[in-house]
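# Report on the structure
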Amino acid sequence: MNRPDIYGSPVAELVRRRVSCRSFDGRALEPQVLEELERTAAGAAAPFGSRPRFGVIDNEKVRAENLFSAGSYGMIKGARYYLAALVRRDEPRRWEDAGFALEAAVLHASGLGLGTCWIGGVFDRRRFGRVLGIRADEQLPAVVAVGRPAEKRSLRDRLVRWSAKGDRRKPVADLFFAGGWDSSLVMEDAGEWGQALECVRLAPSASNKQPWRIVRLGNAFHFHLARDKAYSAMMPLADLQRIDLGIAMCHFQFSAAELGLQGKWQDSMPQIEGTPGHFEYIATYVIRNS
Ligand SMILES: Cc1cc2nc3c(=O)[nH]c(=O)nc-3n(C[C@H](O)[C@H](O)[C@H](O)COP(=O)(O)O)c2cc1C
């Protein structure tokens, strides 16, 4: 899925419009809408080629009111549907691919005027997994709540957003670099690629940590993860920060494709002097000059 024509609005606009929705109206969605979203995730051609399975959980059907454990950060009000990815434990890049594919569905949902919220923190993975028929060789990294937004946001919704500083993003200078880690990228110099980078900057990320760091060297954008080790240790059941990188790759690729910018993903780790110890190389997007 190089050209994401399915979304109704330009990707950059959807990226700008999307915010995490934690108050839904609880009403049913048409089955074909849910099927469409699942198909979008399954057809997203995630860059590392692992093959997650996707499914939708209908909270009402499974009559599991307590699907969430108590104390989940940002409990979601009125959510009835959860789009889920199941990944295989033996696929090393399962996290990024699940992030990429589910985010394609998030953008699609935004295009349909639906609200979404990624949930990767505390939720009852066992129960969700059972409903999805999870196999012993699979894991459930995260789910996305999807539905129509409630007319009024709950107090809890506003509180979670405030505490996660959900509206805030790091400045360009902290995220994107050119020539090396000691010189920040200047958007004006990046031309149209600046728009694709801005779509990364506006992406959702677990606890809004925005762990994406991208350095441009010549015609290549090297994506790195600025790992928060303490955070990862706190969340041992899924590598949420790699999921964040998959989401960022989705925003970058889709928005670039829409602008007619050509390129492809490669695994070509650069040797960059002064790479901080907690940075992990993820992937490189190489520009193809047309
Ligand atoms: C991988 C991932 C996991 C997340 N887990 C949760 C979660 O468990 N509960 C929650 O309320 N929000 C969760 N979020 C949403 C983030 O808190 C949110 O994206 C971030 O604060 C930025 O706000 P925004 O999405 O409104 O732009 C998650 C986001 C991502 C990408």
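Predicted, not measured: the structure shown is a model, and the values here were computed from it.

## Section: the domain arrangement of the protein
With domains assigned, the protein is organised as domain 1 (5-163) and domain 2 (172-287). Here the C-alpha centroids of domain 1 and domain 2 sit 23 Å apart. Of the residues lining the interface, 21 residues belong to domain 1; the matching set on domain 2 comes to 25 residues. At the level of secondary structure, the elements contributing two or more residues to the side of domain 1 that touches domain 2 comprise α1 (11-17) and α3 (94-111).

## Here's the deal with unusual backbone geometry
Residue S207 is not a glycine yet carries a positive backbone phi of 55°. Mapped onto the fold, S207 is located in the loop between α7 (193-201) and β7 (212-217). If you check the backbone angles, Q210 has positive phi at about 50° while not being a glycine. You can see Q210 is positioned in the loop between α7 and β7. The exposure class of Q210 is buried, given the 21 C-beta atoms found within 10 Å.

## Some words on the nonpolar core
A41, L83, A84, V143, V144 and A145 are the most contacted members of the largest nonpolar core, which has 75 residues in total. Split by domain, the residues of this core number at least three in each of domain 1 (5-163) and domain 2 (172-287). Filtering out sequence-adjacent residues up to four positions away, L83 remains in contact with L37, E38, A41, F54, V56, L102, A105, V143, V144 and V146.

## Thoughts on the sheet that holds strand β6 (residues 176-178)
Spatial ordering of the open sheet is given by β6-β7-β8-β10-β9, a layout of 5 strands whose pairing is mixed. Bordering the open sheet on either side are β6 and β9 (263-266), each of which pairs with just one other strand. The sheet shows a mean angle of 25° between the axes of neighbouring strands, taken without regard to direction. In this structure, strand β8 (residues 220-226) lies alongside strand β10 (residues 279-287), joined through 7 bridges in antiparallel fashion. Looking across to β10, one finds that F223 is bridged to A283. The sheet strands contacting helix α9 (residues 240-258) are β7, β8, β9 and β10, and the helix crosses β8 at an angle near 155°.

## With respect to the pairing of strand β5 (residues 143-147)
In terms of burial, β5 is largely enclosed, as 5 of its 5 residues are buried. In β5, alternate side chains face the same way, and those of V143, A145 and G147 on one face and V144 and V146 on the other are all buried. Judged from the 4 bridges that link them, strand β2 (residues 81-88) and β5 form a sheet pairing that is antiparallel. Across the sheet, the residue bridging to A84 is V143, located in β5.

## Some points on the packing of α3 against α9
Taken N-terminus to C-terminus, the directions of α3 and α9 make an angle of 50°; their axes are 7 Å apart at the nearest point. In terms of orientation, α3 and α9 fall into the oblique class. The handedness of the crossing between α3 and α9 is right-handed. Residues W95, E96, D97, A98, G99, F100, E103 and A104 of α3 pack against R242, I243, D244, L245, G246, I247, M249 and C250 of α9. Residues of the contact of α3 with α9, tallied by class, amount to 9 nonpolar, 2 polar and 5 charged.

## Comments concerning α3
Helix length check: α3 (18 residues) gives 26 Å between terminal C-alpha atoms against 26 Å at 1.5 Å per residue, within 8%. Phi for G113, located one or two positions after α3, is positive at around 80°.

## Some details on the packing of helix α2 (residues 31-42) against α3
Where α2 contacts α3, the axes come no closer than 7 Å and their chain directions differ by 140°. One element, α2, and the other, α3, form an angle in the oblique class. Handedness of the α2/α3 crossing: right-handed. Across from E36, L37, T40 and A41 in α2, the residues of α3 making contact are A101, L102, A104, A105, H108 and A109. Of the residues assigned to the contact of α2 with α3, the class counts are 7 nonpolar, 2 polar and 1 charged.

## Remarks on α2
For α2, with 12 residues, the first-to-last C-alpha span of 16 Å sits near the 16 Å given by 1.5 Å per residue. Looking at the buried side of α2, the elements it contacts are β1 (53-58), β2, α3 and β5.

## Some words on the pairing of β8
Within β8, 5 of the 7 residues are buried, which leaves it mostly tucked inside the rest of the structure. For β7 and β8, the ladder comprises 6 bridges, and the chain directions are antiparallel. In the sheet register, W212 faces β8, and the bridge partner there is L225. Taken together, β7 and the strand that follows it, β8, pair antiparallel across an intervening segment of 2 residues, in which G218 is found at a positive phi of about 60°.

Rules used throughout
- Residues numbered from 1 in each chain as written.
- Predicted model: local features only at pLDDT ≥ 70, side-chain atom pairs only at ≥ 80, totals over all residues.
- Domains from an automatic or database assignment.
- Contact = placed C-beta atoms within 7 Å.
- Helix = DSSP H or I, 4+ residues; strand = E, 2+ residues; numbered from the N terminus.
- Buried ≥ 20, exposed ≤ 12 C-beta atoms within 10 Å, placed from the backbone.
- Core = buried A, V, L, I, M, F, W, Y, C linked by C-beta atoms within 7 Å.
- Pairing = 2+ DSSP bridges.
- Axes fitted to C-alpha atoms, helices over the stretch in contact; angles between N-to-C directions.
- Parallel < 35°, antiparallel > 145°, perpendicular 65-115°, else oblique.
- Left-handed = near helix turned anticlockwise from the far one by under 90°.
- Nonpolar A, V, L, I, M, F, W, Y, C, P; charged D, E, K, R; others polar.
- Expected span 1.5 Å × (residues − 1).

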